[in-house]
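# Secondary and tertiary structure notes
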Amino acid sequence: FQNFSERLANVNINIIHRIDRTESYSEIVETYFFEGLQKWRDLNLTENFVSFYREVANKCQSFHLLVYHQKDIVQSLKTHLEVKNSLAYQPLLDLVVQLSRDLQTDFYPHFQDFFIAISSLLNTQDTQLLEWAFTCLSYLYKYLWRQMVKDMPVIYSLSSTLLAHKKEHIRNFAAESLAFLMRKVPDLNGLLNFMFLDLTEHPQKAYGLGQLLFEMCKGVRNMFHSCATKAIHLILQKMGPITEKEECLPWTLVGETFKQFVESATLCIDKEQFEPLFGNIQ
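Summary of the structure given here. For clarity, every value in this text was computed on a predicted model and none was experimentally measured. (Residues numbered from 1 in each chain as written. Predicted model: local features only at pLDDT ≥ 70, side-chain atom pairs only at ≥ 80, totals over all residues. Heavy atoms only, no water.)

## Focus on the pattern of salt bridges
Across all of its chains, the model carries five salt bridges by this definition. Residue Asp72 is joined to Lys59 by a salt bridge in which the shortest nitrogen-to-oxygen separation is 3.9 Å. A residue pair is termed long-range when its members are at least 10 positions apart, and Asp72 in helix 5 (residues 70–81) and Lys59 in the loop between helix 3 (47–56) and helix 4 (63–68) qualify at 13 residues. In this structure Lys59 comes out as partly exposed when scored by relative accessible area, which is 23%. Lys78 is the salt-bridge partner of Asp113, the closest N and O atoms lying 3.1 Å from each other. Placement of the pair is Asp113 in helix 7 (residues 111–119) and Lys78 in helix 5, with a sequence separation of 35 residues. Overall, Asp113 belongs to the partly exposed group, its relative accessible area being 38%. (Salt bridge = Lys/Arg side-chain N within 4 Å of Asp/Glu carboxyl O. Helix = DSSP H or I, 4+ residues; strand = E, 2+ residues; numbered from the N terminus. Buried < 20%, exposed > 50% of the residue type's maximum accessible area, 1.4 Å probe, protein only.)

Put into structure tokens, the structure is as follows:
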């Protein structure tokens, strides 16, 4: 009998380090989506899922069929994700991930629509639904990251709406899931300028952005990540016009962001491991 915050603390969306040891994907099945559909047909017998199953079951038995019918399948997924209080959210969110695995780059044009549909599910007290939704987003980031890092201003503009959410756990989840992409951005300096300039119009994102930048720099075992030294150096350069000469940033809001970064670091990083931060500040 846990309260909401206790159940929330047990949610784990760190899918980057999960390993699939089931070896469940046999060579006989041509698509991940069809195999997932068959699995959930046995596990979820609700009217919501049966209705979806009937719409797509004959459109995905092979990869060629899946590609041919992808618009219909995508539309069915989006329509059923928008059903209020559906009992099929878990299989639907899983099948979004499986579809992205099958279509790969062809799935990317649908990402924005799915992001909007999935993020609309987050205003809930159901911790399982929260975990399913953020796990789905995390997997999409993992499978589509090559396209996303080329399109980071768009992805950040879309995802950062969650960084300004009124609920802290949603801001934290958004930061955790986006951090994976942030580490892979080739032009971090340009992206930081874009993010900090965005604060001019959306000052409410400062807290969430600070949390995101910390999640990017956070490593394992209460240490900083290997990217932290370079990243913190760049962030500190954005603190004022003496070191940042390319853009005129909202300096006060940048300071608020960095303050949140430091507060998060003091809660999570061992004091013996603070050199990347102390060294850069000095």
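Once you've had a look at it, read on.
## Focus on unusual backbone geometry
A negative phi holds for most residues other than glycine; trans holds for most peptide bonds. Its identity as a non-glycine residue notwithstanding, Gln104 has a phi of 50°, on the positive side. Along the chain, Gln104 turns up in the loop between helix 6 (89–103) and helix 7.

## Thoughts on the packing of aromatic side chains
Any two aromatic rings considered together are summarised by their centre-to-centre distance and by the angle between their planes. Applying the stated criterion to the full structure yields 13 aromatic pairs. Judged by centre distance (6.5 Å) and plane angle (45°), the rings of Phe49 and Tyr53 are tilted. Of this pair, Phe49 and Tyr53 both sit in helix 3, four residues apart, which is roughly one turn of that helix. Here the aromatic rings of Phe274 and Phe278 are separated by 5.3 Å at their centres, their planes lie at 35°, and the arrangement is tilted. (Phe/Tyr/Trp six-rings, centres within 6.5 Å; stacked < 30°, edge-to-face > 60°.)

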